[in-house]
Amino acid sequence: MNSETDSRADSRADSGADSGAGSSEGDYRVYNNFYGPQYHGRAHFGIATAERPGRARATGLLDGDEIDALLRSYIRPDCFDDAASELSRTGIVVLTGPQGTGKRSGAVALLRETVGPSADYVVLSPDIGLDQLAERTFDAGVGYVVLDRTGTAATTGAAGAAGSAGSAATTADAAGPSSDFDWRRVRDQLRRHHAHLVITTVHGVAGRSPKAVRHLAWRPPVLDKVVRARLVQARIPQEVVDRAVAGIPPRCPLAVVADAAQRIAAGADPDQAWKEHSGSAPQAVQEWFGAEEERSLREIAEVTTLAFAPGIGRRAFESLQDLLERLLGPVYFTPEGASGAAADGAMAPDAAGQAATPEGQDPQPRRRARPVDRRRSLSRNALITTEMQVYGATTREVMVFADSELRRWVLQALWRDHPTEYWDAVRHWLEALVAADPDPALQLSIASGLTLLGHIAFDEVVQSYLDPWARGESGEIGQTLAVYVLWYMCLEETQAAAALTLARTWAQSLHPTLRGTALIAFSGQLGVTFPTDAVKWLWAVLRTSALEKHEEREHGLRAWAQLFLTLVDCQEDAGIVLDALAHRIRKERRTRSAAYSATGLLVLETTLWIFTATERLSGRPAVARYVADRPEEADVVAELWAAVLRYRPLRRSALSALLVTVRGLHAVTSDPTAAAARLGHALAAALPQVEHPLLTSELGRLAVSRPTRATGPDCVAALLGAMNRVKDTEPR
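What you see as residue numbers is a count from 1 along each chain, following the sequence as written. Reporting in this predicted model follows two pLDDT cut-offs: at least 70 for local features of residues, and 80 or more for side-chain atom pairs to be given and counted; totals over whole chains, interfaces and linings ignore these cut-offs and use all residues. Processing note: side-chain calculations cover all non-hydrogen atoms of the structure and skip hydrogens and water entirely.

K.L.:
Help me understand the overall build of the protein chain in this model?
P.N.:
For helices the rule is a DSSP run of H or I covering at least 4 residues; for strands it is a run of E covering at least 2, with both sets numbered from the N terminus onward. Each helix and strand counted, the protein chain has 33 helices and 10 strands in total. Residue exposure (1.4 Å probe, protein chains only): buried if accessible area is under 20% of the type maximum, exposed if over 50%, otherwise partly exposed. By the burial criterion, 54% of the 732 residues in the protein chain qualify as buried. Per-residue accessibility takes into account occlusion by the displayed protein chains alone, with areas from the Shrake-Rupley method and a 1.4 Å probe. As displayed, the protein chain has an accessible area near 32400 Å², and 49% of this comes from carbon and sulfur atoms.

Okay, structure coming up:
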């Protein structure tokens, strides 16, 4: 087994599919899938650069381009030789340290130093446990790396019965003899297979460090050397190099330094580059929040509203701001502040959101307050501006931050300066927005805002929003938003592992709605980023749901089909899904001589759902595009199709899906007859010879009974012809 197939084998170990119910075609709930960087209200999400269009799969075989990008102009830190010596001696080393210290590039550099530049490097899941590592079959001579390992992936126990996912903050392995024993097993397994493994984590081991495996505190290299090496390689003039080195901000993370150096190498002015990558709040934010005069309720409401809802029109913005002001009123209103509230144009609201009546006045003859002039207040806010956005033949004015970078710094300042009561009001406000069924654009804005807040206060985001929403406390919209936050987190290298851990805890929960939310999350961007983990947990949830209500079972089947659709759509390796199912089918054949087990029937039903899943825009089967784009995978597709065709309760649906797929080939490839013939040849090899004439007859009759208006070559005839040619060449 080579390292590439080894990286895909993770999904095969625990994947697979109950009874002969037919699949449901269509009826897929539509969610936004993020396959690259996201732009929202001039705010950029994702780690895309000019060289790399977006973040996709985070595990599997590292390709040469990614290795070159990581190690280009690499500068070794002082601790490098110590780590390399330990890795060479024991086969494993753990690098600990905060984000932004260069552990990722350091891990790859250590592998190159130890196993050589020509070896394969495989990235394993950050959610992998020590038991899984100790039982894994490693390939000799291959370098393995676990980036941002989140600790042990133990199965949720009684806590899951309460339906709470708990905090998904990354955890360290427990200290003590058991931990040292587990690490020793991992080390011995690597030695046994002559492989090497580097693990990075932001957490050290709690308590006493295990003796079996060295946990090394990783330190970044000298920043001056990093900047000089990158700029000299780019042939930047010495005067610019000196300015760039002199402008490095104090205590600047290595990742920020590398990004700024890349911009300077591309032609940016050093002063401007460091201003944008200083690692501290921009001057505008510091001055706004540090003003001598305390900011009013209305001003705080303005920046808070924009932090969670950028890019919306004035009227919608003012409506959201008005609701937030009513909820923030009890937090900010004090007797001493009554005059200030009145000067703002309205009485401070009471706890119910109504204007309070000053003491001693008769509430009946209340005078109508003058309209609140929010637009004038917004025009005076230095952090906020407007821009014109084009929508078809029209344009509209939307509210945005004066600079897209301000959004995250505003959220950081709000979290730093405002009490729990303020954040309780923000939570009630966001819950009210969710209950009002916001449009998809506003849903994405809220999700992206919570993702940015998660960089600063992850526990707050999980406990106040994601866990309750994932449990269904705010309905389907809340579930959708919880999923969107996880998908946004997957676009960030520093948050992707936490998103995986949180989704895994939902999948392990006994709460059916939490499991349903996990299904949605793993079938989208989370599944793109961690496909082997997605297959593993989708199967675990499906097997559990198969014993529960029919609706839960159907959700699990739909999630498998959606994951396949998503991977095909973003041109990732959807074969991971099919390989997992084929592995289960082969296991059934080896262990059972007659009827399929309940697990085997579930595999067949899952396969049929995948083969009948259609692309949302074109309506064509996703498997048609997969067969056309990956001709080398025709044997696996045919093996699965043959298994479903031979199970008579599903045969009619499988024949119908096969006909639709073959007819859809002309729209996805320039040579549809060749693709159909390839599939026919593989089907003939996968089916027993006694099944050939039956399939030819039934598929031919079905094609005649369902005429098509499409012009072009007859792909059905090409498939059947290929099957007949295989039959004619076989010895009698």
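K.L.:
Got a minute to help me understand the pairing of strand β7 (residues 196-201) in this structure?
P.N.:
Along a regular strand, successive side chains alternate from one face of the sheet to the other. By the criterion of burial, β7 is predominantly enclosed, with six of the six residues buried. The two faces of β7 match: His196, Val198 and Thr200 on one face and Leu197, Ile199 and Thr201 on the other face are all buried. As judged from the five bridges shared by strand β4 (residues 92-96) and β7, these two strands associate in the parallel manner. Within β7, the position partnered with valine 94 by the bridge is isoleucine 199. Direction of pairing for strand β6 (residues 143-146) relative to β7: parallel, over a ladder of four bridges. Note that in β7 the partner of valine 146 across the bridge is isoleucine 199. For two strands to pair, DSSP has to find at least two bridges joining them.

K.L.:
Please explain the pattern of salt bridges as it appears in this structure.
P.N.:
Side-chain pairing between opposite charges can occur once the charged atoms of the two side chains come close. For this analysis, a salt bridge means a side-chain nitrogen from Lys or Arg found within 4 Å of a carboxyl oxygen belonging to Asp or Glu. Following the criterion strictly, the structure yields 35 salt bridges and no others. For arginine 326, the salt bridge is made with aspartate 322, and the minimal N-O distance between the two is 3.3 Å. Here aspartate 322 and arginine 326 lie together in helix α13 (residues 314-332), a separation of four residues that amounts to about one turn. Residue arginine 326 is classed as partly exposed on the basis of its relative accessible area of 36%. Between aspartate 573 and arginine 630 there is a salt bridge, with the nearest N and O atoms lying 3.9 Å from each other. Taken together, the positions of aspartate 573 in the loop between α25 (550-569) and α26 (575-591) and arginine 630 in the loop between α28 (622-629) and α29 (634-646) put the pair 57 residues apart, joining distant regions of the chain. Overall, the relative accessible area of 23% leaves arginine 630 in the partly exposed class. Within this structure, Asp82, Glu86, Arg89 and Arg214 form a network of salt bridges that share partners.

K.L.:
Which parts of the structure should I look at to understand the packing of helix α7 (residues 223-233) against helix α8 (residues 238-246)?
P.N.:
Helix-helix packing is characterised by the crossing angle of the two axes and by the distance between the axes. Interaxial angles span 0 to 180 degrees and are taken between N-to-C directions of axes, which are lines fitted to C-alpha atoms, for helices over the stretch in contact. For the pair α7 and α8, interaxial distance at closest approach is 10 Å and the crossing angle is 155°. One element, α7, and the other, α8, form an angle in the roughly antiparallel class. Handedness of the α7/α8 crossing: right-handed. Residue-level inspection shows Asp224, Val227, Arg228 and Leu231 of α7 in contact with α8, the latter providing Gln238, Val241, Asp242, Ala244 and Val245. Residue polarity follows a fixed list, in which Ala, Val, Leu, Ile, Met, Phe, Trp, Tyr, Cys and Pro are nonpolar, Asp, Glu, Lys and Arg are charged, and the others, Gly among them, are polar. Of the residues contributing to the contact of α7 with α8, the split by class is five nonpolar, one polar and three charged. Here the angle decides the label: under 35 degrees means roughly parallel, over 145 means roughly antiparallel, 65 to 115 means roughly perpendicular, and every other value means oblique. Whether a crossing is left-handed or right-handed is set by the direction in which the near helix is turned from the far one by less than a right angle, anticlockwise for left-handed and clockwise for right-handed. A contact between two residues is defined here by any heavy atoms of the two lying within 4.5 Å.

K.L.:
Which parts of the structure should I look at to understand helix α18 (residues 440-456)?
P.N.:
Here the expected length of a helix is defined as 1.5 Å per residue gap, with one fewer gap than residues. The terminal C-alpha atoms of α18, which comprises 17 residues, lie 25 Å apart, in line with the 24 Å expected from a rise of 1.5 Å per residue. Where burial is concerned, most of α18 is hidden: 13 out of the 17 residues are buried. Capping the start of α18 is the job of one residue whose side-chain oxygen sits 3.0 Å from the backbone nitrogen of alanine 441: aspartate 439. Whenever a nitrogen or oxygen atom comes within 3.5 Å of another N or O atom, the pair is scored as a polar contact, on the condition that within protein one atom can donate a hydrogen and the other can accept it, and that pairs from neighbouring residues in sequence are kept only if both atoms are in side chains.

K.L.:
Even after reading the chapter, I still don't get unusual backbone geometry, so can you show me in this structure?
P.N.:
Most peptide bonds take the trans configuration, and most residues that are not glycine carry a negative phi. Residues other than glycine seldom take positive phi values, yet histidine 194 does so here, at roughly 55°. Its place among the elements puts histidine 194 in the loop between α6 (177-193) and β7. Positive phi values are uncommon outside glycine, yet arginine 235 reaches one of about 60°. Topologically, arginine 235 is positioned in the loop between α7 and α8.

K.L.:
Is there a simple way to explain the packing of helix α19 (residues 458-470) against helix α20 (residues 475-490) in this structure?
P.N.:
Put simply, α19 and α20 touch, their axes get as near as 7 Å, and they point 140° apart. Viewed along their axes, α19 and α20 adopt a mutual orientation that is oblique. The two elements α19 and α20 meet at a crossing, and its hand is left-handed. Seen from α19, the contacting residues are Phe458, Leu466, Trp469 and Ala470; seen from α20, they are Gly478, Gln479, Leu481, Ala482, Val485, Leu486 and Met489. By residue class, the composition of the contact of α19 with α20 is nine nonpolar, two polar and no charged.

K.L.:
Explanation requested: the pairing of strand β5 (residues 121-124) in the structure shown.
P.N.:
Side chains Tyr121 and Val123 project from β5 onto one buried face, and the interleaved Val122 and Leu124 project onto a second face that is buried too. Pairing between strand β3 (residues 60-61) and β5: two bridges, direction antiparallel. The partner of leucine 61 across the bridge, within β5, is valine 122. Pairing geometry for β5 and β6, over four bridges, is parallel. Bridging across to β6, valine 123 finds its partner in valine 145. Whether a crossover is right-handed comes down to one check: with the strands pointing away from the viewer, does the path from the first strand over the helix to the second run clockwise; if it does, it is right-handed. In terms of handedness, the path from β5 via helix α5 (residues 130-135) over to β6 forms a crossover that is right-handed.

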